[in-house]
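An overview of the molecular structure
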Amino acid sequence: MTNAAKKTLIHCERLGIQFNGIAVLQDINLTLSQGDRIALLGPSGCGKSTLLNVLAGLLEASSGTVERYLQPAEMSFVFQDASLLPWKTVLQNITMIPELIAEKINSAELYQRAESILLQVGLRDKLNAYPDQLSGGMKMRAALARALLVAPQLLLLDEPFSALDDPTRERLQDDLRAMHASSSLTTVLVTHNMEEAFLLADRIFVFSHDGRILREFQVAEYTSGEVVTRESAALSQMRSDVRTLWQTDGLELHNA
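Here's what I pulled together on the structure shown here. (Residues numbered from 1 in each chain as written. Predicted model: local features only at pLDDT ≥ 70, side-chain atom pairs only at ≥ 80, totals over all residues. Heavy atoms only, no water.)

1. Some points on the pairing of strand β7 (residues 186-191)
Buried residues dominate β7, accounting for six of its six residues. Going residue by residue along β7, you find Thr186, Val188 and Val190 tucked away on one face and Thr187, Leu189 and Thr191 tucked away on the opposite face as well. Inspection of the sheet shows strand β3 (residues 37-41) paired to β7 by five bridges, in the parallel sense. Paired with Ala39 across the strands is Leu189, a residue of β7. The pairing of strand β6 (residues 154-158) with β7 spans five bridges and is classified as parallel. Note on β7: the bridge partner recorded for Asp158 is Val190. (Buried < 20%, exposed > 50% of the residue type's maximum accessible area, 1.4 Å probe, protein only. Helix = DSSP H or I, 4+ residues; strand = E, 2+ residues; numbered from the N terminus. Pairing = 2+ DSSP bridges.)

2. Concerning the packing of aromatic side chains
Evaluation of the coordinates by the stated rule reveals two aromatic pairs. Considering the side-chain rings of Phe217 and Tyr222, the 6.1 Å spacing of their centres and the 40° angle between planes classify their relative orientation as tilted. Tyr222 matches Phe217 in its accessibility class, with the two residues each being buried. Over the aromatic face of Phe217 sits the side chain of Arg215, whose NZ or CZ is 3.9 Å from the ring centroid. (Phe/Tyr/Trp six-rings, centres within 6.5 Å; stacked < 30°, edge-to-face > 60°. Lys NZ or Arg CZ within 6 Å of the ring centre and 35° of its normal.)

3. So, the environment of Val66
Note on placement: Val66 falls in strand β4 (residues 63-68). Considered as a pair, Val66 and Val150 are 84 residues apart in the sequence and their alpha carbons are 24 Å apart. Contacts of Val66, omitting those with residues within four sequence positions, involve Ile10, His11, Cys12, Leu15, Val54 and Ala61. (Contact = heavy atoms within 4.5 Å.)

4. Remarks on the environment of Pro43
Mapped onto the elements of the fold, Pro43 is located in the loop between β3 and α1 (48-55). Using a relative accessible area of 6% as the deciding quantity, one classes Pro43 as buried. Here the alpha-carbon distance between Pro43 and Trp246, two residues 203 residues apart in the chain, equals 9.8 Å.

5. Focus: the side chain of Ser76
You can see Ser76 is positioned in strand β5 (residues 75-78). Overall, the relative accessible area of 8% leaves Ser76 in the buried class. If we ignore the near neighbours within four places in the chain, the residues touching Ser76 are Ala147, Val150, Pro152, Leu154, Leu155 and Leu156.

6. Observations regarding the packing of helix α4 (residues 136-148) against helix α5 (residues 166-182)
Running from N to C, α4 and α5 cross one another at 20°; their axes reach a closest spacing of 10 Å. Here α5 runs roughly parallel to α4, going by the angle between their axes. Relative to α5, α4 is oriented so that their crossing is right-handed. Across the interface between the two elements, Gly137, Met140, Arg141, Leu144 and Leu148 from α4 touch Thr168, Arg171, Leu172, Asp175 and Met179 from α5. (Axes fitted to C-alpha atoms, helices over the stretch in contact; angles between N-to-C directions. Parallel < 35°, antiparallel > 145°, perpendicular 65-115°, else oblique. Left-handed = near helix turned anticlockwise from the far one by under 90°.)

7. Re the pattern of salt bridges
When the charged atoms of two side chains lie near each other, side chains of opposite charge can form a pair. Scanning the model with the defined rule gives ten salt bridges in all. For Asp36, the salt bridge is made with Lys6, and the minimal N-O distance between the two is 2.6 Å. Residue Asp36 is found in the loop between β2 (22-33) and β3, and its partner Lys6 is found in the segment before β1 (8-19); the two are separated by 30 residues along the sequence. Its relative accessible area of 5% is what places Asp36 among the buried residues. Note that Arg14 and Asp27 form a salt bridge whose closest N and O atoms lie 3.2 Å from each other. Taken as a pair, Arg14 in strand β1 and Asp27 in strand β2 lie far apart in primary sequence, 13 residues in all. In the salt-bridge network here, residues are joined through shared partners; they are Lys6, Asp36, Arg203 and Glu216. (Salt bridge = Lys/Arg side-chain N within 4 Å of Asp/Glu carboxyl O.)

It is worth stressing that arrangement in space is one thing and function is another; only the former is reported here.
Have a look at this one:
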């Protein structure tokens, strides 16, 4: 699909958010199109998660405009906490939302799709397990399966891997990259981890400490079309450029 043919999903223009008179987001311009892989990169407290909530329709803008060209049911959200109900099995947890929102549902078809997605995320043998029988990585895989079950056009990810150990986080990052490679799923990832942003996004919006977008990075401009890896020289160069950008903005990098 060419850029010209890509469907616009959400368009924000001069978006601002204030809480109790304090600006959290300022002058945000962002267009999200079908198939985009976007990362919102910045330190804690810079407004990344607030913008994600605006994109999801959970918050209204204080100023500017937000135009959405998809329905709420076409979006899914994955949070830092897997938020699985402890008294339900993995299968029951991931099928719960479709069962709640659907007026008519074919249970056999739903469970067949659920089993397929659990296989995709490596949890097919855990469908009858309860959350306390799962590792942290397995719980997050279940949360991802729950989000994918409704076949969303847009997947919103709010630092879903931040609480995991490094090996588990890297495995889940690789899983998401594999999903990107095999589908046209649109994703917006909130992260303060530069490596994660570079690995999982095509476009990276770097935030200032006071809720502005300092710059959009196009990953392809650094890689010249080569596959990005954790050992990539392009990744090191982008990390250096982001740090320089933040230093110019006056950000204390030891807090970033």
